[in-house]
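Descriptive structure summary
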Amino acid sequence: MPSYFKFFACCIPVKGFLRTVIYDLQRKQYCFIPNEIFDLLEDSNRIVIPVNSFPEFLNEVFDFLLEREFGFICTAEECELFPQLDLEYESFYDYDSMIIDLDLGYSTVINTFSNKNKNLLINALQLRLFFNPTISQLTDILETFSALNICSIEMIMPHSSQVNQGDLENIVEGFEKVTSISIFSSPIKELLSYKQSSINYMQETIVGESDCGKIDESFFCCNLLTFCESQKFNTCLNKKISIDVKGNIKNCPSCKQTFGVIGQKPLVELKDHLNFKRVWGVSKNQIDVCKDCEFRHMCTDCRAYIKDQSNTFSQPSKCNYNPYIAKWKGQEGYVSVEEWKSKNK
């Protein structure tokens, strides 16, 4: 009777062009294995262990997999006792995420929003402030949104001499929905934790919505929610709605297409608008280059900044990873995807 190596249900191998990544969705970690291991997989996420041993380097990989607790040895009958995860993605929120960009004229936007959308159910709201707010202004903004059906609030704002660490801690204490505050253009770089929120001081400068769309390892999310969503949906724009500083309604503030102005009609109506939902279903498995990348089920996406604006499935233009050589820009031996393709036609 043959033996099998069976991956735990939460440890899922994803094959890229050059290498495979094991997504450990429970520990929220990942590691690399050779594609030769992935090619041995059967439908039930198991590998037959032959009577005669694998080549030595494959044996070393299996020792590594067992040591890291990515799976276990079992019989065929025992394999059937461990079903694979259900990867269907469902959300009961009207919108999973919302971005609202605010400048000094914010009062019109937030008052109109709160008057027209009292029953809107939002999982996560990101408020991006492109002005130097006072504590009074921050309180005014957060009082408005905290009263609505929003689960969590993230704030991104510039460094200001008018707001100190103690003020931010008071904000966190006073508004329990605030789970993250990021301060850009800060003279220091520091990540702090206070009660239910993180307070992140960043030295990077954010000018506006044009700074969006960057693809980087630091933005990877190796977890069950992202993995499930990425199977059929866009990891950036699925069930997202945004309002830019002028009050225009968009999929993302960086997108050119608008779907009206805040206050014209309740935002809940747009979730059934076919043209608005069109980008929700553009998954990484469909996007050029991304579909060959081992990181495709933990990576964010961008449809606003793409290499070919005429192609819905074009690669994000701000991605500096080449999956065909498994290197990031700046690493020794890196060449762009375009250069690699021209040499490997």
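Conventions we followed
Residues numbered from 1 in each chain as written. Predicted model: local features only at pLDDT ≥ 70, side-chain atom pairs only at ≥ 80, totals over all residues. Heavy atoms only, no water. Pairing = 2+ DSSP bridges. Helix = DSSP H or I, 4+ residues; strand = E, 2+ residues; numbered from the N terminus. Axes fitted to C-alpha atoms, helices over the stretch in contact; angles between N-to-C directions. Polar contact = N/O pair within 3.5 Å; in protein donor to acceptor, adjacent residues only side chain to side chain. Contact = heavy atoms within 4.5 Å. Salt bridge = Lys/Arg side-chain N within 4 Å of Asp/Glu carboxyl O. Buried < 20%, exposed > 50% of the residue type's maximum accessible area, 1.4 Å probe, protein only. 1 Å grid on protein atoms, 1.4 Å probe; cavity = no way out; pocket = protein on both sides within 12 Å on 5 of 7 lines; lining within 4 Å. Points joined across faces, edges and corners; volume = space filled by probe spheres on them. Nonpolar A, V, L, I, M, F, W, Y, C, P; charged D, E, K, R; others polar. Arc of directions from axis to C-beta. Expected span 1.5 Å × (residues − 1).

Considering the sheet that holds strand E6 (residues 71-74)
As summarised here, the arrangement of the three strands in space is E5-E1-E6, forming an open sheet in which the pairing is antiparallel. Looking at strand neighbours, the two that pair on one side only are strand E5 (46-49) and E6, the edges of this open sheet. Each adjacent strand pair in this sheet contributes to an overall mean axis angle of 25°, direction not counted.

Some thoughts on the side chain of lysine 177
Examined against the element boundaries, lysine 177 turns out to sit in the loop between helix H6 (165-174) and strand E10 (178-184). Within polar-contact distance, the side chain of lysine 177 engages the backbone oxygen of isoleucine 150 at 3.0 Å. Beyond its immediate stretch of four places on either side in the chain, lysine 177 contacts Ser146, Leu148, Ile150, Cys151, Ser152 and Ile153.

A word on the pattern of salt bridges
Tallied over the full model, the rule gives 14 salt bridges. In this structure, arginine 128 and aspartate 101 form a salt bridge, with 2.6 Å as the shortest nitrogen-oxygen distance. Of the two residues, arginine 128 is situated in strand E8 (residues 122-129) and aspartate 101 in strand E7 (residues 95-102); the sequence distance between them amounts to 27 residues. Look at aspartate 101 and you get buried, because its relative accessible area is 1%. Residues aspartate 301 and arginine 303 are paired through a salt bridge, measuring 2.8 Å at the closest nitrogen-oxygen approach. We note that aspartate 301, like arginine 303, is buried. Look at the salt bridges and you will find they share partners, linking Asp24, Arg27 and Glu69 into a network.

Quick notes on the layout of surface pockets
The calculated volume of the second largest pocket comes to roughly 340 Å³. Lining the second largest pocket are 14 residues, with Cys255, Arg278, Arg303, Ala304 and Gln309 sitting closest to its centre. Its residues assigned to classes, the lining of the second largest pocket comprises five nonpolar, six polar and three charged.

Comments concerning H6
Residues spaced three or four apart along an α-helix point in a common direction, a consequence of the helix completing one turn every 3.6 residues. By the burial criterion, the buried members of H6 are Asp167, Leu168, Ile171 and Val172. Within H6, the buried residues cover an arc of 140° as seen down the axis, which keeps them to one side.

Observations regarding helix H5 (residues 135-146)
For H5, built from 12 residues, the straight-helix expectation of 16 Å at 1.5 Å per residue is met to within 8% by its first-to-last C-alpha distance of 16 Å. Taken together, the buried residues of H5 touch E7, helix H4 (106-116), E8, strand E9 (150-158), H6 and E10.

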